[in-house]
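Given next are the chains, with one letter for each unit.
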Amino acid sequence: MNGEFDLNYFREKILKMNKQDFADLMEIDVITLEMWEGDPDNLTMRIYKEIAEKTDYTLEQLFNFKEHVPLPWKLDNKITEKREKVLKKVLENEQSFEEALLEIEQKELEEGFEINVAEVKGYFEELKKIGPLCSNRLRKPLVAFIGASDAGKSSLINVILGTDLLPMAFQPMTAAINYVYHELDKPENIGDENNTVVVRTNHEQLVDISNLENIIETGEHVIAIGRTNLIREYGLNKYNEEINEENNQGLTYIFTFIDAPILTGLAFIDTPGISANEKDNQTALKAYQYADVTIYLSQMSSFLREEDMIFIKQIIDSSSREFDQDGRVPFNNLLFVGSHADSVGNSDISEIFNRAVARFLNVQTSTYFAKFGPTYNQETFRKRFYASDIKDPRLSQPFKQAFIAMMENILSVKIRQSRLVQKKAIEEMIKTGKKIEEHLTARINFPATKESLKKYKFQQIEEELLRLSNTKKEVSIRDFHNAYAKIFTINSIEGLIKKKEFKNNQEDKKKILLLLQNMVDEKLQAILKENSDDFSSKMDGSIKKFNDFFNSENFDFTNFFIKSSTDVATSLGIYGAFSILFGSLGNLGGYLLFMQTAGFLSSVGLYGGTVSGTATAISAIGGPLTLGLALIIFSGLVVFNIFGDGWMRKYAKQLVKQFEKLGVEQKYSMEIIRYWDDTAKITAEAIKKVEEEYAQHQKETAQIIQAEIPFLRDLVQLVESVKVAEDEKIL
Ligand SMILES: Nc1nc2c(ncn2[C@@H]2O[C@H](COP(=O)(O)OP(=O)(O)OP(=O)(O)O)[C@@H](O)[C@H]2O)c(=O)[nH]1
Ligand SMILES: [Mg+2]
């Protein structure tokens, strides 16, 4: 029965008596009266009887005035329920999502494969972001009350809530950031019996509901946890003044969780009055920066004075225009309220507002509103002005309607946004998942396209190397021909005999033959060496180029090429120009060393151990590799007996004739051709082998992908099922 009698209302509105007169009537002092009016708990049955007696009302009549106690405000149930429903759905989706993902992950572990394909892995991670993204959109809009001390911020919040939760009085009262949330928003770790938490931090960052649970968990900044009386204990300037002496950097935050109808759709921030002191200013400004909605309060009698203007401008400049889409009114997260409206006449209110707008514009540039957009102007600004009075609900009626409409609009926009985000994100995920699946399936089922690309590449390196070896063959033959022609002229052989002072005897004539053979051999060696060196270095370059190309496929081309060419060469017993490559291992030696130290292959994971395989293959060749051409052409030559002067020229003539008859140059050329043909053969065979290795690599990669595809399909299906649920139940 106690809470239903409003003594203050009864005295002011029914009896129309001031405090002193009423105190005198009751034979009490004003302080006692204020105590009675401040807390109905202080009114005992004896006091009720006394009031009734002294005012000539019956007890029944007194309690009939209860209907004058204004009802707490509330939002349209449908909207708050809708928000709850969408939020619940989002959370459910998120949870089932998490569970299903865990299940799939578990299954994957049991089957002994890991997510190897980067695309699937990335997709998996992206999926987890949908839920938080949507629920964040559905966060309850925070309504901050800003204004000078005594503007009536705490009082107005109390009216809206239908409580006397927040301390109010004609002196700077509020010194903390007071968050008021619904009791259902209470973090579990506060405890069932508690509903208020006091937190104090030095951090620049604002403490809010999203990190409250964590803060309580760590306990580091928690000052007190208990009931609503903590608001008075820690939320008033008295407390903060004491604190300030030691430390004036910190901010006090008080979270209260109560059951008030409007809190199902929003939450309040009550702030210290601005202009009281620098610290309170900062606290208030912090709060509005964080809030979705700002209610700027100012007493009617001193409505929006110069000292308010700086704050108003800041608030407008940073006001969210997020809810302005769809042609809605501008500044629709912002209201200016003139409190204590009963202190001025009704007709004055409009005049006060007009003058305030004019005062504001007077200190702005002429294009101030236009810069926000074409729909912003003086009128749209003026429309945000409302009157309110905590004692007279009729005066507050337009404000009440505007406030509720604004909050319902914001909630609807938030719900719509969240659905849109969810719908879009899910559709996007399905599309992306299917694209990845398509791409991976194509890699397995139609490797032809990829394969042909690689084929072209394999063909390309083969052609490149064969063309090179062919060129080297031609160059070698041509060089040899030129060298041969120089050595085997009558003049040069005659000159050689003279120079070496060979005698006209059998022994010296054999020496001449050996010398000629050595000369040809050396020439041949030099020509082949030079061309093989060039071939080797060009091959090295080609291999590197191709290695770079295949690297993106995790395929170690160089390693396989060396291994394969060594295999072919040793099994066929031919080396050709590869002998230079195997013999010097110039850059490739360095390459192998690099591979071992960098552990490149093991990082690739698929083909560990092949480096040692290559090294073993090369060392199996054994011994220094030479360009040995075991030609014993000269053994078939006949040493003629030639007598008399001019034997040298005659012998030279005879040799040239014999060489021609035996086809010595052709035989050498044949060797050169074989040499390069061997080179070409090793090249072709080696590349064929690398290609086979690559096919194997592709197959193994395909197997990995194949193992990933069911996993990916499960994920996509999961997303699809979420979409169905979403479509059916909410959209
Ligand atoms: N008549 C009348 N009195 C009001 C109204 N609003 C507030 N008051 C009174 O004004 C005094 C100050 O109100 P508060 O709610 O404490 O003001 P506040 O803005 O929270 O002040 P701080 O916390 O100091 O920043 C209290 O005594 C209220 O009862 C109103 O609309 N009409
Ligand atoms: Mg206050």
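Residues numbered from 1 in each chain as written. Chains lettered and ligands numbered in written order. Predicted model: local features only at pLDDT ≥ 70, side-chain atom pairs only at ≥ 80, totals over all residues.

**With respect to the overall build of the protein**
Counting its secondary structure elements, the protein contains 27 helices and nine strands. Relative to its 731 residues, the protein shows a buried fraction of 32%. In the protein, 80% of the contacts between residues at least 6 apart in sequence involve partners at least 24 apart. (Helix = DSSP H or I, 4+ residues; strand = E, 2+ residues; numbered from the N terminus. Buried ≥ 20, exposed ≤ 12 C-beta atoms within 10 Å, placed from the backbone. Contact = placed C-beta atoms within 7 Å.)

**Section: the environment of D348**
Within the element layout of this structure, D348 appears in helix α15 (residues 346-362). With 48 residues separating them along the chain, D348 and M300 place their C-alpha atoms 9.5 Å apart.

**Here we look at the packing of helix α19 (residues 490-500) against helix α26 (residues 647-662)**
In the contact formed by α19 and α26, the axes pass within 8 Å of each other and the chain directions differ by 130°. On the basis of their axis angle, the class for α19 and α26 is oblique. In the packing of α19 onto α26, the handedness of the crossing is right-handed. Contacts from I490, I493, E494, I497 and K498 of α19 reach α26 at M648, R649, A652, K653, L655 and V656. (Axes fitted to C-alpha atoms, helices over the stretch in contact; angles between N-to-C directions. Parallel < 35°, antiparallel > 145°, perpendicular 65-115°, else oblique. Left-handed = near helix turned anticlockwise from the far one by under 90°.)

**So, α15**
Between its first and last C-alpha, α15 extends 25 Å over 17 residues, near the 24 Å set by a 1.5 Å rise per residue. In this structure, the buried side of α15 is in contact with α14 (306-317), β8 (334-339), α16 (378-382) and β9 (385-387). (Expected span 1.5 Å × (residues − 1).)

**With respect to the site of ligand 1**
What surrounds ligand 1 is a group of 23 residues, the closest being G152, S155, M168, T174 and G273. Ranked by residues supplied to the shell around ligand 1, first place goes to helix α9 (residues 153-161) with three residues. (Near = placed C-beta within 6 Å.)

**Quick word on the sheet that holds strand β6 (residues 267-270)**
What the nine strands build is an open sheet, ordered β4-β3-β5-β2-β6-β1-β7-β8-β9; its pairing is mixed. Of all strands in the sheet, those with a lone pairing partner are β4 (222-226) and β9, marking the two edges. Put simply, the sheet's adjacent strands are angled 20° from each other on average, direction ignored. Along the sheet, α14 makes contact with β1 (142-147), β7 (293-299) and β8, crossing β7 at roughly 165°. (Pairing = 2+ DSSP bridges.)

**Points about the UniProt feature "coiled-coil region" (unreviewed entry) in the protein**
When the UniProt feature table is mapped onto this chain numbering, "coiled-coil region" (unreviewed entry) sits at residues 680-707. The distance separating the terminal C-alpha atoms of residues 680-707 is 40 Å; by composition the span is 100% helix and 0% strand. (UniProt positions renumbered as here; feature names shortened; annotations may be inferred.)

**What about the environment of V198?**
With respect to the helices and strands, the residue V198 is situated in strand β3 (residues 196-201). C-alpha separation for the pair V198 and L230, spaced 32 residues apart in sequence, amounts to 7.4 Å.

**Examining the packing of helix α8 (residues 130-137) against helix α17 (residues 393-445)**
If you want to describe how two helices pack, look at the angle between their axes and the distance between the axes. Contact geometry of α8 with α17 gives a least axis separation of 8 Å together with a crossing angle of 165°. Compared by their axis directions, α8 and α17 come out roughly antiparallel. For the crossing formed where α8 meets α17, the hand is right-handed. On α17, the residues that touch I130, L133, C134 and R137 of α8 are K414, Q417, S418, V421, Q422, A425, I426 and M429. Each residue belonging to the contact of α8 with α17 can be placed in one class, and the counts come to seven nonpolar, three polar and two charged. (Nonpolar A, V, L, I, M, F, W, Y, C, P; charged D, E, K, R; others polar.)

**Remarks on the confidence of the model for the protein**
Averaged over all residues, the pLDDT of the protein is 79; the fraction at 70 or higher stands at 81%. The low-confidence segment residues 585-632, where pLDDT is below 50, has 54 contacts with residues more than four positions distant or belonging to other chains. (pLDDT = per-residue confidence, 0-100.)

**Section: the nonpolar core**
Nonpolar side chains in soluble globular proteins tend to be buried together. Judged by nonpolar contacts, the single largest core of 85 residues is most densely connected at A144, I146, Y179, V180, Y253 and I254. Take this core: its biggest share by element is eight residues, from α17. (Core = buried A, V, L, I, M, F, W, Y, C linked by C-beta atoms within 7 Å.)

**Side note on the pairing of β6**
Residues A267 and I269 point to one face of β6 and F268 and D270 to the other, with burial holding for every one of them. When β1 meets β6, the two strands line up parallel, connected through four bridges. From the neighbouring strand, L142 faces β6, where its bridge partner is A267. One ladder, built from three bridges, connects strand β2 (residues 177-182) with β6; its direction is antiparallel. Note that in β6 the partner of V180 across the bridge is F268.

**As for α14**
In this model, α14 (12 residues) spans 17 Å end to end at C-alpha, consistent with the 16 Å of a helix rising 1.5 Å per residue. Among the residues making up α14, those that are buried are D308, F311, I315 and I316. The buried side chains of α14 occupy one side of the element, clustering within an arc of 135° when seen end-on. Exposed and facing more than 90 degrees away from the buried side of α14 are E306 and D317. Buried residues along α14 sit in contact with β1, α13 (278-290), β7 and β8. (Arc of directions from axis to C-beta.)

**A short note on unusual backbone geometry**
Located in the positive-phi region is L304, a residue other than glycine, with phi close to 45°. Inspection of the secondary structure puts L304 in the loop between β7 and α14. Positive phi values are uncommon outside glycine, yet E501 reaches one of about 55°. Looking at the element boundaries, E501 is found in the loop between α19 and α20 (506-551).

**What about the pairing of β8?**
Most of β8 sits inside the fold, with six of its six residues counted as buried. Residues L334, F336 and G338 line one face of β8 and the alternating positions L335, V337 and S339 line the opposite face, and both faces are buried. For β7 and β8, the ladder comprises six bridges, and the chain directions are parallel. Across the sheet, T294 pairs through a bridge with L334, a residue of β8. As paired strands, β8 and β9 are joined by three bridges and run parallel to one another. Its bridge partner lying in β9, F336 is registered against F385.

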